[in-house]
Amino acid sequence: MAGINKVILVGNLGKDPEIRRLEGGVVRAAFSLATTEYYKDKEGNRIEQTEWHNIVLWRGLAESAERILKKGYTIYLEGKIQSRKWQDKEGQQRYSTDIVGEIFQLIRRSENNTPSTGGAEPAPNNPFPNDHPF
């Protein structure tokens, strides 16, 4: 039986996408995305819990991210979880988990930037129109 590896996130960019152009013209974009949840503790205090996700986009989607995304923007993102193992400079085994994005949609620009009028350019193959309720 085949498995399903699907992630859906709505969050805020922690930094501008870092763009790399690799051999053969392949473009890679990487950035952090913060998702925040709120709950109340036993005493009724509101607790905020933020999770940071490492996002990686490839090729045309990375090029769209380079043109569209900035730190603080809120996006809707669909992708898959990908774990990898690597050695650091000291020869220690390290592990990291990334979300490899397959589509994204700009939801809102940050307060510091020009307000969104709903005319943002959708990412390639994005099934959501600019007026999606997210």
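Figured I'd write up the structure that's included with this text. (Residues numbered from 1 in each chain as written. Predicted model: local features only at pLDDT ≥ 70, side-chain atom pairs only at ≥ 80, totals over all residues. Heavy atoms only, no water.)

## Thoughts on the overall build of the chain
Looking only at helices and strands, the chain has 1 helix and 6 strands in total. Going from the N terminus to the C terminus, the chain shows its helices and strands as β-β-β-β-α-β-β. The buried share of the chain, taken over its 134 residues, is 36%. In the chain, once contacts between residues fewer than 6 apart in sequence are set aside, the share between residues at least 24 apart is 55%. Working note: accessible area of the chain is about 9100 Å², and carbon and sulfur atoms make up 46% of it. (Helix = DSSP H or I, 4+ residues; strand = E, 2+ residues; numbered from the N terminus. Buried < 20%, exposed > 50% of the residue type's maximum accessible area, 1.4 Å probe, protein only. Contact = heavy atoms within 4.5 Å. Areas by Shrake-Rupley, 256 points an atom, 1.4 Å probe, with all protein chains shown as cover.)

## Digging into the pattern of salt bridges
The full count for this structure, using the stated rule, is 5 salt bridges. In this structure, Arg84 engages Asp98 in a salt bridge whose closest nitrogen and oxygen atoms are separated by 3.1 Å. One end of the pair, Arg84, is in strand β5 (residues 74-87); the other, Asp98, is in strand β6 (residues 93-108), with 14 residues separating them in the sequence. By relative accessible area, Arg84 is classed as partly exposed at 40%. Note that Asp88 and Arg94 form a salt bridge whose closest N and O atoms lie 2.9 Å from each other. The class for Asp88 is buried, based on a relative accessible area of 15%. For Arg94, a relative accessible area of 40% puts it in the partly exposed group. (Salt bridge = Lys/Arg side-chain N within 4 Å of Asp/Glu carboxyl O.)

## Some points on the pairing of strand β2 (residues 18-21)
Note that β2 and strand β3 (residues 27-40) share 4 bridges and pair antiparallel. The residue of β3 that forms the bridge with Arg20 is Arg28. What sits between the antiparallel neighbours β2 and β3 is a turn of 5 residues, in which Gly24 has the positive phi angle 80°. (Pairing = 2+ DSSP bridges.)

## Looking at helix α1 (residues 59-68)
In an α-helix, one turn spans 3.6 residues; hence positions three or four apart end up facing the same way. Taken residue by residue, α1 has Leu61, Ala62, Ser64, Ala65 and Ile68 as its buried positions. One side of α1 carries all its buried residues, which in axial view fall inside an arc of 160°. Opposite the buried face of α1, by more than 90 degrees, sit the exposed residues Arg59 and Arg67. Packed against the buried residues of α1 are β2, β3, β4 (46-58) and β6. (Arc of directions from axis to C-beta.)

## Quick word on the environment of Gly72
With respect to the secondary-structure elements, Gly72 resides in the loop between α1 and β5. It is 9.1 Å that separates the C-alpha atoms of Gly72 and Gly11, two residues lying 61 residues apart in sequence. With sequence-adjacent residues up to four places away left out, Gly72 is seen in contact with Asn12, Leu13 and Ser110.

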